[in-house]
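Topology and contacts: notes
Here's the letter readout for the chains.
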Protein chains: 2
Amino acid sequence: VVLVATRNPLNIGAAARAMSNFGFLHLRVVNPYEVAFRQARSALGGASLLARAEEYGCVADAVADCTLVVGTTGGQRRDLQQALRRLEAGARLIRKQAATGGVALLFGSERYGLSNDDLSHCHWLMRIPTVEGSPSMNLGQAVAVCLYELSRNPKASGRAQKQKPATSGQVERLTASLFQALLASGYVNLSSASLTEEKIRRLVRRLNLPAEDHELWLGMLRQINWKLRTGDSDSPSREKR
Amino acid sequence: VVLVATRNPLNIGAAARAMSNFGFLHLRVVNPYEVAFRQARSALGGASLLARAEEYGCVADAVADCTLVVGTTGGQRRDLQQALRRLEAGARLIRKQAATGGVALLFGSERYGLSNDDLSHCHWLMRIPTVEGSPSMNLGQAVAVCLYELSRNPKASGRAQKQKPATSGQVERLTASLFQALLASGYVNLSSASLTEEKIRRLVRRLNLPAEDHELWLGMLRQINWKLRTGDSDSPSREKR
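For the structure given in this document, a descriptive report is provided here. Model, not experiment: these values are computed from the prediction.

Summing up its helical and strand segments, chain A has 10 helices and 7 strands in all. Among the 241 residues that make up chain A, the fraction classed as buried is 44%. For chain A, the exposed area adds up to about 13100 Å²; of that, 52% sits on carbon and sulfur atoms.

Encoded structure:
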C-alpha cells in the first residue's frame, strides 16, 4: 500500500490498521504531511506496521521495485488516460500478478486523490464500485475495502461453523410430544388426527431444530403435557404414579 | 445498518458515509452516546442520511420490523451461541433475504462489540475474514467492508472500460517502421533479416498497443528513421526531397 500526500494522521493509522486486519505488511508513504506521519506513528493499531513504514520523496522511488502499479480513483474524472477497472475485476488481476512480483496499490490525498503525475506511474487504475453521485470514499475505508477484496475467499462455505442438526429420531420424539399436547389441549381431535399428524410432522421439520436444543424443547413439551393431563401446577418431578 | 452504543462521532459519520457510498439508506442507532450522535449529525458526508437516522432505546425496537437480524463480530469470542458465517457467505444469504423483507445488520460499540443481550436478537452472526491475531477492525471500516461485499458484483467485467486495441494493420505498420529503424541503425543485418523480422513482429504484438497511441508511436519511429537516414538534426518536415 502506497499512500501519496496523505494529510490526516487518522487516515494513515486507519490504513495501517486495515493492512494489519487483512495481512498486508508493507506500507509506503510518499510526501506525507510530516506532522500527520509522526502522529500516526505514535497512534495505536497496526503500530509495528507503521513503525516499519518506508517514506519516499516521489512515487517513482516508492514503486521502483514493483512489477505492477495500480492507482485508485473515484473514477469521476473525465481525463483518465489509463484503463479503469472495477475493484472486483482489478483484484483478480492483482492476485495473479502478486504471485510473480511486487504490486503497489496507490491511494491519493484525501482532498484531491492521485495527481496526473502520480497516475502516470500506474499500469492501470481501479475504482471501488460506489453508487452514482457518491463516489468519494473516506481514505481509511477505501483502503479497507480494497484489501478486503484482495483477501476475500469467494469459495468460503455458507455454513463454516454449522450447528449440528437434530437427528430424525429426535425430531420425531419432539413431534410426538407436540402432537400429544395438541390432542390433549383439544387443538386436534381424534377423528382427523392422522392427517393433522402429518402436517405437524412437516411443520416441526421446517424448524431445522439444532441437536443441542432438542432436550430443552422436549422438556418444555413434557411439562406442558403433564400439566394438560393433571391440571396440577406442580412440577412433573412431584407427580406421584 | 444498526449501530449499537457507538461512542465515537467520527465512527457514526464514517458509517453514514460508507452507506452513502454503497447506496444503503436506513441508519438506526441504539443508545448512542448523546454527544457523539449530535456531533456526527453536524459533520459532513452522508449528511442527509444522518439527519434521517432513527434513534432507539433498545435493539428489540430497532429491529422490530426486520425479518432477518444479523450481528457482526470479530469472532474471537468463544461463547457465541449462534451460527457464525464469513462475510462472503453471509452476504449471499442477506441478499436473498433482502428481496423479501427488511434485514438489520448490527454493529456493536468500538470497545466491546455487541453484548450477549444484543446478540440474542440476531438470527445468526457474521465476521469479516481478518487474519489470525488481528480480528478487531475499526468500526467505520467494518461497516464499509460489509456494505461493499453486499453491493459488489462478482460478474463485473475485467475490462469495463477497455482501451480499444490497435488493428493488425496498425501494428504491422509500426512493426515495419521499427524494423526499418533497426536495419538502418545496424541492429539487424540484411543476411538474417527475415528471421529477425518475425521476432520483431511477435515482440510488438506482445505490447497490446492501444489504437489511439498508434499514430504517436509511428510518428516517433518516423522521426528516428528520418534521422538515421539523413544524419540531420532538423525535423522531417524540413526535409527536402
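Next comes the rest of the write-up.
Here we take up the pattern of salt bridges. Residue and element names in this part refer to chain B. For the structure on display, the rule yields 12 salt bridges over all chains. We note a salt bridge from Glu54 to Arg28, for which the minimum N-O separation is 3.0 Å. One end of the pair, Glu54, is in strand 3 (residues 54-56); the other, Arg28, is in strand 2 (residues 28-30), with 26 residues separating them in the sequence. A relative accessible area of 34% means that Glu54 is categorised as partly exposed. For the salt bridge of Asp65 with Arg28, the shortest nitrogen-to-oxygen distance reads 2.9 Å. Of this pair, Asp65 sits in the loop between helix 4 (59-62) and strand 4 (68-72) while Arg28 sits in strand 2, placing them 37 residues apart in sequence.

This part is about the environment of Ala18 of chain A. Here Ala18 of chain A is to be found in helix 1 (residues 9-22). Residue class for Ala18 of chain A comes out buried when judged on its relative accessible area of 0%. The residues contacting Ala18 of chain A, other than those within four sequence positions of it, are Val143, Ala144 and Leu147 of chain A together with Gln141 of chain B.

A separate point is the side chain of Asp118 of chain B. Residue position: Asp118 of chain B is located in helix 6 (residues 116-119). With relative accessibility at 11%, the residue Asp118 of chain B sits in the buried group.

For the rest of this paragraph, the subject is the state of the cysteines. Residues and elements named next belong to chain A. Taken as a whole and assessed by the stated rule, the structure comprises 0 disulfides over all chains. Cys66 provides the cysteine sulfur closest to Cys122, a residue in no disulfide bond, and the two sulfurs are 11 Å apart. A residue is classified by how much of its surface remains accessible, and Cys122, at 6% relative accessible area, is buried.

If you rotate chain B by 180 degrees and push it 0.1 Å along the axis, it lands on chain A with an RMSD of 0.2 Å. Both copies are brought into coincidence by an operation consistent with a two-fold rotation axis. Both copies contact each other with a shared surface, as 100% of the interface residues of chain B are interface residues in chain A too.

Here the focus is the sheet that holds strand 6 (residues 103-107) of chain B. Residue and element names in this part refer to chain B. Reading across from one edge, 3-2-1-6-4-7-5 is the order of the 7 strands in this open sheet, with parallel pairing throughout. Strands at the two margins of the open sheet, each flanked by one partner only, are strand 3 and strand 5 (84-86). For this sheet, the mean inter-axis angle between neighbouring strands, taken without regard to orientation, is 30 degrees. Its contacts with the sheet place helix 5 (residues 87-98) against strand 4, strand 5, strand 6 and strand 7 (124-127), and it is angled at close to 130 degrees to strand 7. Against the sheet, helix 7 (residues 139-151) contacts strand 1 (2-4), strand 4, strand 6 and strand 7, and its axis sits at roughly 155 degrees relative to strand 6.

All names here are of chain A. Ordered in space as 3-2-1-6-4-7-5, the 7 strands form an open sheet in which the pairing is parallel. The open sheet is flanked by strand 3 (54-56) and strand 5 (84-86), the only strands paired with a single partner. If you compare each strand with its neighbour and ignore which way they point, the axes differ by 30 degrees on average. Two elements, strand 4 (residues 68-72) and strand 6 (residues 103-107), share 4 bridges in a ladder whose sense is parallel. Across the sheet, residue Val69 finds its bridge partner in strand 6, namely Ala104. Contacts from helix 5 (residues 87-98) reach strand 4, strand 5, strand 6 and strand 7 (124-127) within the one sheet, and its direction differs from that of strand 7 by about 130 degrees.

Take unusual backbone geometry next. Although it is not a glycine, Asn31 of chain A sits at a positive phi angle of roughly 45 degrees. In this structure, Ala5 of chain B takes a positive phi of about 55 degrees despite not being glycine. On the basis of relative accessibility, which here comes to 24%, the residue Ala5 of chain B falls in the partly exposed class.

We now examine the interface of chain B and chain A. Each partner contributes residues to the interface: chain B has 42 residues there, and chain A has 42 residues. Buried surface at the junction of chain B and chain A, summed over both partners, amounts to about 3500 Å²; 47% is from carbon and sulfur atoms. Considering only the side of chain B, the residues that lose the most area to chain A are Asn21, Gln141 and Tyr148 of chain B, jointly responsible for 18% of the buried surface there. Where chain B packs against chain A, one counts 2 salt bridges. If you look at where chain B meets chain A, you find 22 residue pairs in polar contact (both at pLDDT 80 or more). Secondary structure elements with two or more residues in the side of chain B that touches chain A: helix 1 (9-22), strand 5, helix 5 and helix 7 of chain B. Here the side of chain B that touches chain A takes 8 residues from helix 1 of chain B, the largest share from any one element. Partitioning the side of chain B that touches chain A into residue classes produces 19 nonpolar, 15 polar and 8 charged.

Calculation notes
- Residues numbered from 1 in each chain as written.
- Chains lettered and ligands numbered in written order.
- Predicted model: local features only at pLDDT ≥ 70, side-chain atom pairs only at ≥ 80, totals over all residues.
- Heavy atoms only, no water.
- Helix = DSSP H or I, 4+ residues; strand = E, 2+ residues; numbered from the N terminus.
- Buried < 20%, exposed > 50% of the residue type's maximum accessible area, 1.4 Å probe, protein only.
- Areas by Shrake-Rupley, 256 points an atom, 1.4 Å probe, with all protein chains shown as cover.
- Salt bridge = Lys/Arg side-chain N within 4 Å of Asp/Glu carboxyl O.
- Contact = heavy atoms within 4.5 Å.
- Disulfide = S-S within 2.5 Å.
- Least-squares fit on C-alpha atoms with pLDDT ≥ 70 in both.
- Pairing = 2+ DSSP bridges.
- Axes fitted to C-alpha atoms, helices over the stretch in contact; angles between N-to-C directions.
- Buried area = accessible area lost by both parts, 1.4 Å probe.
- Polar contact = N/O pair within 3.5 Å; in protein donor to acceptor, adjacent residues only side chain to side chain.
- Nonpolar A, V, L, I, M, F, W, Y, C, P; charged D, E, K, R; others polar.

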